[in-house]
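Close look at the chain arrangement
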Amino acid sequence: MNFQTEKLGGHMAAAVSGVDLNRLPDVATQQALIDVLHDNLVLCIRDQNLKPPAFLDAMSRFGTPMLRKQLARTPECAEVNIISSEDRDVLGDGKKIVNGANWHTDDSFMREPCSLTMLYGVEVPSRGGDTQFTNMYAAYSDLPAETRARIDPLKVIHKYSSSRKLSRISTRPAEEMAAMPEATHPLVRTHPETRRKSLYLNPNRMEQIVGLDRAESDQLLDELIAHATQPKYQYRHVWRQGDIVIWDNRCTMHKANADYPEGERRLMHRVIVAGTEPF
(Lines give C-alpha, C1' and ligand atoms only; values in the text may rest on other atoms or scores of the structure.)
Protein backbone atom coordinates (compact mmCIF):
# COMPACT_ATOMS: atom_id res chain seq x y z
CA MET A 1 0.00 0.00 0.00
CA ASN A 2 1.53 3.29 -1.11
CA PHE A 3 0.70 6.64 0.48
CA GLN A 4 1.64 10.28 0.05
CA THR A 5 3.12 12.32 2.90
CA GLU A 6 2.73 16.07 3.42
CA LYS A 7 4.46 18.13 6.11
CA LEU A 8 1.94 20.14 8.10
CA GLY A 9 4.10 22.15 10.48
CA GLY A 10 7.61 23.52 10.31
CA HIS A 11 8.99 21.28 13.06
CA MET A 12 6.25 18.69 13.73
CA ALA A 13 3.15 17.04 12.23
CA ALA A 14 2.62 15.32 8.87
CA ALA A 15 -0.42 14.09 6.95
CA VAL A 16 -0.67 10.98 4.82
CA SER A 17 -3.23 10.29 2.11
CA GLY A 18 -3.94 7.30 -0.09
CA VAL A 19 -4.62 4.95 2.84
CA ASP A 20 -8.01 3.32 3.52
CA LEU A 21 -7.90 1.83 7.01
CA ASN A 22 -10.93 -0.35 6.31
CA ARG A 23 -8.21 -2.49 4.74
CA LEU A 24 -5.49 -3.02 7.32
CA PRO A 25 -2.02 -1.98 6.11
CA ASP A 26 0.56 -4.64 5.38
CA VAL A 27 3.59 -4.90 7.65
CA ALA A 28 5.78 -2.62 5.54
CA THR A 29 3.11 0.08 5.26
CA GLN A 30 2.37 -0.08 8.96
CA GLN A 31 6.04 0.37 9.79
CA ALA A 32 6.23 3.29 7.36
CA LEU A 33 3.30 4.97 9.16
CA ILE A 34 5.02 4.45 12.51
CA ASP A 35 8.22 5.96 11.08
CA VAL A 36 6.30 9.07 9.94
CA LEU A 37 4.84 9.37 13.44
CA HIS A 38 8.24 9.05 15.14
CA ASP A 39 9.77 11.61 12.79
CA ASN A 40 6.91 14.11 13.13
CA LEU A 41 5.34 13.40 16.58
CA VAL A 42 1.85 13.99 15.15
CA LEU A 43 0.44 11.92 12.26
CA CYS A 44 -2.79 12.76 10.42
CA ILE A 45 -4.33 10.06 8.22
CA ARG A 46 -6.78 11.77 5.86
CA ASP A 47 -10.17 10.82 4.42
CA GLN A 48 -11.23 7.89 6.59
CA ASN A 49 -14.74 6.44 6.93
CA LEU A 50 -14.63 3.92 9.75
CA LYS A 51 -17.14 2.28 12.05
CA PRO A 52 -15.86 1.85 15.64
CA PRO A 53 -14.76 -1.81 15.16
CA ALA A 54 -12.74 -0.90 12.05
CA PHE A 55 -11.24 2.14 13.80
CA LEU A 56 -10.24 -0.03 16.76
CA ASP A 57 -8.74 -2.72 14.52
CA ALA A 58 -6.65 -0.18 12.62
CA MET A 59 -5.41 1.56 15.76
CA SER A 60 -4.56 -1.81 17.34
CA ARG A 61 -1.75 -2.07 14.80
CA PHE A 62 0.02 0.75 16.68
CA GLY A 63 -0.24 -0.87 20.12
CA THR A 64 -2.53 -2.52 22.66
CA PRO A 65 -5.78 -0.54 23.13
CA MET A 66 -6.58 0.48 26.71
CA LEU A 67 -9.94 0.79 28.43
CA ARG A 68 -10.58 4.20 30.00
CA LYS A 69 -13.76 4.78 32.02
CA GLN A 70 -13.34 8.55 32.37
CA LEU A 71 -14.99 9.12 28.97
CA ALA A 72 -18.13 7.79 27.30
CA ARG A 73 -17.68 4.67 25.16
CA THR A 74 -19.23 3.49 21.91
CA PRO A 75 -21.77 0.65 22.22
CA GLU A 76 -19.82 -1.49 19.77
CA CYS A 77 -16.34 -1.16 21.33
CA ALA A 78 -15.60 -0.30 24.95
CA GLU A 79 -12.05 0.73 23.99
CA VAL A 80 -13.38 3.44 21.65
CA ASN A 81 -14.20 6.55 23.67
CA ILE A 82 -16.55 9.33 22.59
CA ILE A 83 -15.52 12.98 22.94
CA SER A 84 -18.35 15.32 22.05
CA SER A 85 -19.39 18.95 22.18
CA GLU A 86 -22.32 17.62 24.21
CA ASP A 87 -20.16 16.19 27.04
CA ARG A 88 -21.30 17.03 30.56
CA ASP A 89 -20.01 16.41 34.07
CA VAL A 90 -22.70 13.80 34.67
CA LEU A 91 -21.60 12.83 38.19
CA GLY A 92 -20.83 16.42 39.19
CA ASP A 93 -22.71 19.64 38.47
CA GLY A 94 -24.14 18.47 35.14
CA LYS A 95 -22.62 21.41 33.26
CA LYS A 96 -20.91 21.14 29.89
CA ILE A 97 -17.29 20.10 30.07
CA VAL A 98 -14.57 20.54 27.45
CA ASN A 99 -12.24 17.57 27.68
CA GLY A 100 -8.62 18.62 27.27
CA ALA A 101 -9.24 22.37 27.30
CA ASN A 102 -5.78 23.13 28.73
CA TRP A 103 -2.32 21.90 27.81
CA HIS A 104 -1.76 18.32 28.92
CA THR A 105 -0.41 14.91 28.00
CA ASP A 106 -2.80 11.98 28.31
CA ASP A 107 -2.77 9.62 31.26
CA SER A 108 0.16 11.07 33.24
CA PHE A 109 -1.74 10.29 36.46
CA MET A 110 -1.27 6.58 35.64
CA ARG A 111 1.81 4.60 36.68
CA GLU A 112 2.09 3.46 33.05
CA PRO A 113 0.60 6.27 30.92
CA CYS A 114 -0.64 5.51 27.42
CA SER A 115 1.91 5.96 24.66
CA LEU A 116 -0.25 7.12 21.75
CA THR A 117 -3.64 8.76 21.40
CA MET A 118 -5.74 8.41 18.25
CA LEU A 119 -8.59 10.84 17.60
CA TYR A 120 -10.99 10.33 14.69
CA GLY A 121 -13.01 13.28 13.39
CA VAL A 122 -16.45 11.71 12.91
CA GLU A 123 -18.22 15.07 12.82
CA VAL A 124 -16.36 18.38 12.76
CA PRO A 125 -17.74 21.92 12.95
CA SER A 126 -17.59 24.36 10.04
CA ARG A 127 -14.84 26.29 11.82
CA GLY A 128 -12.98 26.17 15.13
CA GLY A 129 -12.45 23.15 17.33
CA ASP A 130 -8.76 22.88 16.38
CA THR A 131 -6.32 20.80 18.41
CA GLN A 132 -2.97 22.37 19.32
CA PHE A 133 0.24 20.43 19.90
CA THR A 134 3.63 21.40 21.25
CA ASN A 135 6.99 19.73 20.62
CA MET A 136 8.52 18.67 23.93
CA TYR A 137 11.76 17.42 22.33
CA ALA A 138 12.45 20.90 21.00
CA ALA A 139 11.37 22.57 24.23
CA TYR A 140 13.87 20.47 26.17
CA SER A 141 16.78 20.79 23.76
CA ASP A 142 16.43 24.60 23.65
CA LEU A 143 16.85 24.97 27.42
CA PRO A 144 20.20 26.30 28.64
CA ALA A 145 22.68 23.54 29.53
CA GLU A 146 22.63 24.51 33.21
CA THR A 147 18.84 24.25 33.32
CA ARG A 148 18.91 20.82 31.70
CA ALA A 149 21.51 19.68 34.25
CA ARG A 150 19.31 20.95 37.08
CA ILE A 151 16.08 19.31 35.94
CA ASP A 152 17.37 16.02 34.48
CA PRO A 153 17.29 14.17 37.84
CA LEU A 154 14.02 15.66 39.14
CA LYS A 155 10.76 13.76 39.58
CA VAL A 156 7.19 15.05 39.78
CA ILE A 157 4.09 13.74 41.55
CA HIS A 158 1.12 13.45 39.16
CA LYS A 159 -2.50 13.09 40.33
CA TYR A 160 -5.86 12.77 38.53
CA SER A 161 -7.20 15.70 40.57
CA SER A 162 -4.19 17.91 41.22
CA SER A 163 -4.49 21.03 43.37
CA ARG A 164 -2.73 22.86 40.50
CA LYS A 165 -5.31 21.86 37.88
CA LEU A 166 -6.22 24.54 35.37
CA SER A 167 -9.51 23.24 33.99
CA ARG A 168 -12.59 21.40 35.12
CA ILE A 169 -12.30 17.63 35.00
CA SER A 170 -15.12 15.13 35.13
CA THR A 171 -16.21 13.91 38.55
CA ARG A 172 -15.45 10.22 39.06
CA PRO A 173 -16.88 7.61 41.45
CA ALA A 174 -14.98 7.10 44.72
CA GLU A 175 -14.01 3.52 43.87
CA GLU A 176 -12.56 4.66 40.55
CA MET A 177 -10.54 7.41 42.24
CA ALA A 178 -9.21 4.87 44.74
CA ALA A 179 -7.91 2.82 41.80
CA MET A 180 -5.95 5.84 40.49
CA PRO A 181 -3.29 6.55 43.13
CA GLU A 182 -0.75 9.27 42.47
CA ALA A 183 2.21 8.46 40.21
CA THR A 184 5.75 9.81 40.28
CA HIS A 185 7.39 10.45 36.92
CA PRO A 186 10.64 12.06 35.73
CA LEU A 187 10.49 15.72 34.74
CA VAL A 188 12.65 14.78 31.74
CA ARG A 189 11.83 11.45 30.11
CA THR A 190 13.59 9.35 27.51
CA HIS A 191 11.48 8.03 24.65
CA PRO A 192 11.72 4.22 24.74
CA GLU A 193 11.86 3.92 20.94
CA THR A 194 13.62 7.03 19.64
CA ARG A 195 15.84 7.34 22.78
CA ARG A 196 15.45 11.12 22.62
CA LYS A 197 14.92 13.23 25.75
CA SER A 198 11.95 15.53 26.22
CA LEU A 199 10.25 17.55 28.92
CA TYR A 200 7.42 15.59 30.51
CA LEU A 201 4.84 18.08 31.75
CA ASN A 202 1.12 18.00 32.41
CA PRO A 203 -0.16 21.31 33.86
CA ASN A 204 -3.52 19.73 34.75
CA ARG A 205 -2.10 16.73 36.65
CA MET A 206 1.22 17.75 38.24
CA GLU A 207 1.15 18.28 41.99
CA GLN A 208 4.72 18.97 43.09
CA ILE A 209 8.37 18.30 42.30
CA VAL A 210 9.81 15.77 44.72
CA GLY A 211 12.38 17.34 47.07
CA LEU A 212 11.38 20.97 46.47
CA ASP A 213 9.12 23.07 48.67
CA ARG A 214 5.81 24.06 47.16
CA ALA A 215 6.77 27.62 46.22
CA GLU A 216 10.00 26.55 44.48
CA SER A 217 8.24 23.64 42.77
CA ASP A 218 5.40 25.85 41.50
CA GLN A 219 7.84 28.46 40.19
CA LEU A 220 9.93 25.93 38.27
CA LEU A 221 6.91 24.10 36.83
CA ASP A 222 5.30 27.37 35.77
CA GLU A 223 8.53 28.51 34.08
CA LEU A 224 8.89 25.22 32.20
CA ILE A 225 5.24 25.21 31.10
CA ALA A 226 5.52 28.78 29.81
CA HIS A 227 8.70 27.84 27.95
CA ALA A 228 7.27 24.65 26.41
CA THR A 229 4.06 26.27 25.18
CA GLN A 230 5.67 29.12 23.26
CA PRO A 231 4.17 29.49 19.77
CA LYS A 232 7.47 28.51 18.12
CA TYR A 233 7.07 24.94 19.43
CA GLN A 234 3.41 24.59 18.44
CA TYR A 235 1.39 23.09 15.62
CA ARG A 236 -2.36 23.77 15.33
CA HIS A 237 -4.42 21.09 13.58
CA VAL A 238 -7.44 22.30 11.62
CA TRP A 239 -9.74 19.30 11.44
CA ARG A 240 -11.28 17.89 8.30
CA GLN A 241 -14.05 15.35 8.61
CA GLY A 242 -12.49 11.89 8.30
CA ASP A 243 -9.13 12.87 9.77
CA ILE A 244 -7.48 10.47 12.18
CA VAL A 245 -4.84 12.28 14.20
CA ILE A 246 -2.34 10.16 16.13
CA TRP A 247 0.07 11.77 18.56
CA ASP A 248 2.86 10.59 20.80
CA ASN A 249 2.19 11.51 24.43
CA ARG A 250 5.80 10.76 25.33
CA CYS A 251 7.11 13.83 23.51
CA THR A 252 4.14 16.20 23.03
CA MET A 253 1.47 18.10 24.89
CA HIS A 254 -1.86 19.06 23.35
CA LYS A 255 -5.04 21.02 24.03
CA ALA A 256 -8.53 21.21 22.56
CA ASN A 257 -10.29 24.41 21.52
CA ALA A 258 -14.04 24.83 21.97
CA ASP A 259 -14.33 27.93 19.78
CA TYR A 260 -16.71 26.45 17.20
CA PRO A 261 -20.10 28.05 16.46
CA GLU A 262 -22.85 27.56 19.05
CA GLY A 263 -25.14 24.71 18.05
CA GLU A 264 -22.61 22.98 15.78
CA ARG A 265 -21.56 19.49 16.78
CA ARG A 266 -18.03 18.20 17.27
CA LEU A 267 -17.90 14.41 17.61
CA MET A 268 -14.68 12.46 17.97
CA HIS A 269 -13.86 8.81 18.58
CA ARG A 270 -10.74 8.12 20.61
CA VAL A 271 -8.44 5.15 21.17
CA ILE A 272 -5.38 5.11 23.39
CA VAL A 273 -2.72 2.40 23.37
CA ALA A 274 -0.59 1.08 26.19
CA GLY A 275 2.66 2.66 27.23
CA THR A 276 5.38 1.90 29.74
CA GLU A 277 6.50 3.54 32.96
CA PRO A 278 8.42 6.73 32.03
CA PHE A 279 12.16 6.75 32.64
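Located above this text is the structure these notes cover.
Residues numbered from 1 in each chain as written. Predicted model: local features only at pLDDT ≥ 70, side-chain atom pairs only at ≥ 80, totals over all residues. Heavy atoms only, no water.

Moving on: the sheet that holds strand β16 (residues 267-273). Taken together, the 8 strands give an open sheet; going across it, the order is β1-β2-β3-β14-β6-β16-β5-β4, and neighbouring strands pair in mixed fashion. The sheet is open, and its two borders are formed by β1 (4-7) and β4 (72-73), each paired with just one other strand. As paired strands, β1 and strand β2 (residues 14-17) are joined by 4 bridges and run antiparallel to one another. When the sheet's bridge partners are listed, Lys7 is paired in β2 with Ala14. Along the sheet, helix α1 (residues 27-40) makes contact with β1, β2, β3 (42-45), β6 (116-123) and β14 (244-248), crossing β3 at roughly 135°. Running at roughly 35° to β16, helix α2 (residues 52-59) makes contact with β6, β14 and β16 of the sheet. (Pairing = 2+ DSSP bridges. Helix = DSSP H or I, 4+ residues; strand = E, 2+ residues; numbered from the N terminus. Contact = heavy atoms within 4.5 Å. Axes fitted to C-alpha atoms, helices over the stretch in contact; angles between N-to-C directions.)

Another point: the packing of aromatic side chains. Using the criterion set out here, one finds 4 aromatic pairs in the structure. Taking 5.4 Å as the distance between ring centres and 40° as the angle between the ring planes, the aromatic pair formed by Phe55 and Tyr120 counts as tilted. Taken as a pair, Phe55 in helix α2 and Tyr120 in strand β6 lie far apart in primary sequence, 65 residues in all. Through a chain of ring-to-ring contacts, three or more aromatic side chains come together here, namely Phe133, Tyr235 and Trp247. When the ring centre of Tyr200 is taken as origin, the NZ or CZ atom of Arg189, which lies over that ring, is 4.7 Å away. (Phe/Tyr/Trp six-rings, centres within 6.5 Å; stacked < 30°, edge-to-face > 60°. Lys NZ or Arg CZ within 6 Å of the ring centre and 35° of its normal.)

Now for the pattern of salt bridges. Opposite charge on two side chains makes pairing possible when the charged atoms of those side chains draw close. Following the criterion strictly, the structure yields 14 salt bridges and no others. Of the charged contacts, one joins Asp259 and Arg236 as a salt bridge, the two residues approaching to 3.6 Å between their closest N and O atoms. Of this pair, Asp259 sits in the loop between β15 (252-256) and β16 while Arg236 sits in strand β13 (residues 234-237), and the two are 23 residues apart along the sequence. (Salt bridge = Lys/Arg side-chain N within 4 Å of Asp/Glu carboxyl O.)

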